[in-house]
Amino acid sequence: MDPIREAMLKKSRSAKLERRGKMISLFCITLIVIVVVAIFFFVASKGLATFFQNKINPWSFLTKSVWNPSIKDAHGNPEVGALPMIVGSFGVTFLSAIIATPFAVGAGIFMTEISRKWGQKILQPVIELLVGIPSVVYGFIGLSVIVPFIRHIFGGTGFGILAGTFVLFVMILPTVTSMTVDALKAVPRHYREASLALGATRWQTTYRVVLRAAIPGILTGIVFGMARAFGEALAVQMVIGNAALLPKNLVSPASTLTSVLTSGIGNTVMGSLDNNALWSLALLLLLMSLAFNLLIRWIGKKGELNK
């Protein structure tokens, strides 16, 4: 066969394969977009039914502190106040992130700046093991160990935001630690060399140069951890107490958006006020997930501008 003709045939085959690959990629991306839009539309249509069909005031829904859709108040309005669940969700999320961040940053510094060999041999397998543990196992450990410990130290039932915070702290620690390690490893080596050449100690280099350069990546890891903590259901449900009341303190029974959803969605009739109110809680969760994603993108863009 003529070499020129053979080259043209190979080029034509490559072009066909490339077009086929582009079509497959476009189909997959389109399918993903359709699925995401469908999920948003479905949850929004169900969640907004509380306000359009059942005529519940959105402000009252967000600010009232009583959750009992089957009972009406003095004005004849159903008691569907989501404030206790919102407070509980944000409480366990922020507290677990506050506790996990120092441990994650410390582990990241040890693995990247102090002892990479021991960090990779010991800490990395431990972190990977924590990621693979199912949520129900974390919840069972919290129910068997953390709740009795809090009951012994602080009194009460032991259930509450504090117990949920400790469980979520362990659950989000691998996520925050892994992303912190990646952020620290991404800092260019010449940053460290330049700092050391100017006479800075290793700790001064780590604290004033490496950590500051890695702040966007560390913040992204923290937000990822908060997003997981905010959406965690089973483990939190087992230790928080599932009381739809405003928590008086960290050791009083409380609830989160996910715990009320998982415990109540199977006991309601589709289309009823009880069911629509739970879908409204699901819509809040979806909007918060979107907010966390937007925050992550904003942090990423700020980090790119600072380079």
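Residues numbered from 1 in each chain as written. Predicted model: local features only at pLDDT ≥ 70, side-chain atom pairs only at ≥ 80, totals over all residues. Heavy atoms only, no water.

- Looking at an unreviewed UniProt entry, one finds the chain named Phosphate transport system permease protein and attributed to Lacticaseibacillus zeae.
- As stated in UniProt under Subcellular location (unreviewed entry), the record for the chain gives "Cell membrane".
- Recorded in UniProt under Sequence similarities (unreviewed entry), the annotation for the chain is "Belongs to the binding-protein-dependent transport system permease family. CysTW subfamily." (UniProt positions renumbered as here; feature names shortened; annotations may be inferred.)

**Things to note about the overall build of the chain**
Moving on, step 1. Helix and strand content of the chain: 13 helices and two strands.
Moving on, step 2. Over its C-alpha atoms the chain spans a radius of gyration of 25 Å, topping by over 25% the 19 Å that the globule rule assigns to 307 residues.
Moving on, step 3. The C-alpha extent of the chain, read off along each of the three principal axes, is 85 × 60 × 35 Å.
Moving on, step 4. Taking all 307 residues of the chain together, the buried fraction comes to 38%.
Moving on, step 5. Long-range contacts, defined as pairs at least 24 residues apart, comprise 68% of the intrachain contacts of the chain with a sequence gap of at least 6.
Moving on, step 6. Accessible surface computed for the chain: about 17,800 Å², of which carbon and sulfur atoms make up 69%.
Moving on, step 7. Distance between charge centres in the chain, computed from 28 positive and 12 negative side chains, equals 3 Å. (Helix = DSSP H or I, 4+ residues; strand = E, 2+ residues; numbered from the N terminus. Rg over C-alpha atoms; globule rule 2.2 N^0.38 Å. Buried < 20%, exposed > 50% of the residue type's maximum accessible area, 1.4 Å probe, protein only. Contact = heavy atoms within 4.5 Å. Areas by Shrake-Rupley, 256 points an atom, 1.4 Å probe, with all protein chains shown as cover. Lys, Arg positive; Asp, Glu negative; His and termini not counted. Charge placed at Lys NZ, Arg CZ, Asp CG, Glu CD.)

**Some points on the side chain of threonine 258**
Moving on, step 1. Tracing the backbone shows threonine 258 in helix 12 (residues 257-264).
Moving on, step 2. Those residues in contact with threonine 258 that sit more than four places away from it in its chain are Phe230, Gly231, Glu232, Ala233 and Leu285.

**A closer look at the UniProt feature "transmembrane region" (unreviewed entry) in the chain**
Moving on, step 1. Summarizing the sequence annotation, UniProt attributes the feature "transmembrane region" (unreviewed entry) to residues 21-44, 86-110, 122-147, 153-176, 209-230 and 277-299 in the numbering used throughout.
Moving on, step 2. As annotated, residues 122-147 comprises 92% helix and 0% strand, and the C-alpha atoms at either end are separated by 29 Å.
Moving on, step 3. Helix makes up 100% of residues 277-299 and strand makes up 0%, while its end C-alpha atoms are separated by 33 Å.

**As for a positive patch on the surface**
Moving on, step 1. On the surface, Arg13, Lys16, Arg19 and Arg20 cluster together to form a positively charged patch.
Moving on, step 2. Mapped onto the secondary structure, arginine 20 falls in helix 1 (residues 3-47).
Moving on, step 3. Since its relative accessible area comes to 52%, arginine 20 is described here as exposed. (Patch = residues over 30% accessible without salt bridge, like charges linked within 9 Å, V, L, I, M, F, W, Y side chains within 5 Å. Salt bridge = Lys/Arg side-chain N within 4 Å of Asp/Glu carboxyl O.)

**Observations regarding the environment of glycine 119**
Moving on, step 1. Among the secondary structure elements, glycine 119 is positioned in helix 5 (residues 116-132).
Moving on, step 2. Between the C-alpha atom of glycine 119 and that of phenylalanine 41, which follows or precedes it by 78 residues, the distance is 45 Å.

**Some thoughts on the UniProt feature "domain: ABC transmembrane type-1" (unreviewed entry) in the chain**
Moving on, step 1. UniProt marks residues 86-296 with the feature "domain: ABC transmembrane type-1" (unreviewed entry), using the numbering shown here.
Moving on, step 2. Regarding residues 86-296, the helix share stands at 80% and the strand share at 0%, and the terminal C-alpha atoms are separated by 21 Å.

**Points about the pattern of salt bridges**
Moving on, step 1. One pass over the full model with this rule turns up three salt bridges.
Moving on, step 2. With a closest N to O distance of 3.7 Å, lysine 22 and glutamate 18 form a salt bridge. With lysine 22 and glutamate 18 both in helix 1, this residue pair falls four residues apart, about one helical turn.
Moving on, step 3. Using a relative accessible area of 47% as the deciding quantity, one classes glutamate 18 as partly exposed.
Moving on, step 4. Close ionic contact of arginine 189 with glutamate 193 constitutes a salt bridge, the shortest N to O distance being 3.1 Å. A residue pair is termed a helical-turn pair when its members lie 3 or 4 positions apart in one helix, as arginine 189 and glutamate 193 do in helix 8 (residues 189-197) at four residues.
Moving on, step 5. Among the residues examined, glutamate 193 registers a relative accessible area of 43% and is labelled partly exposed.

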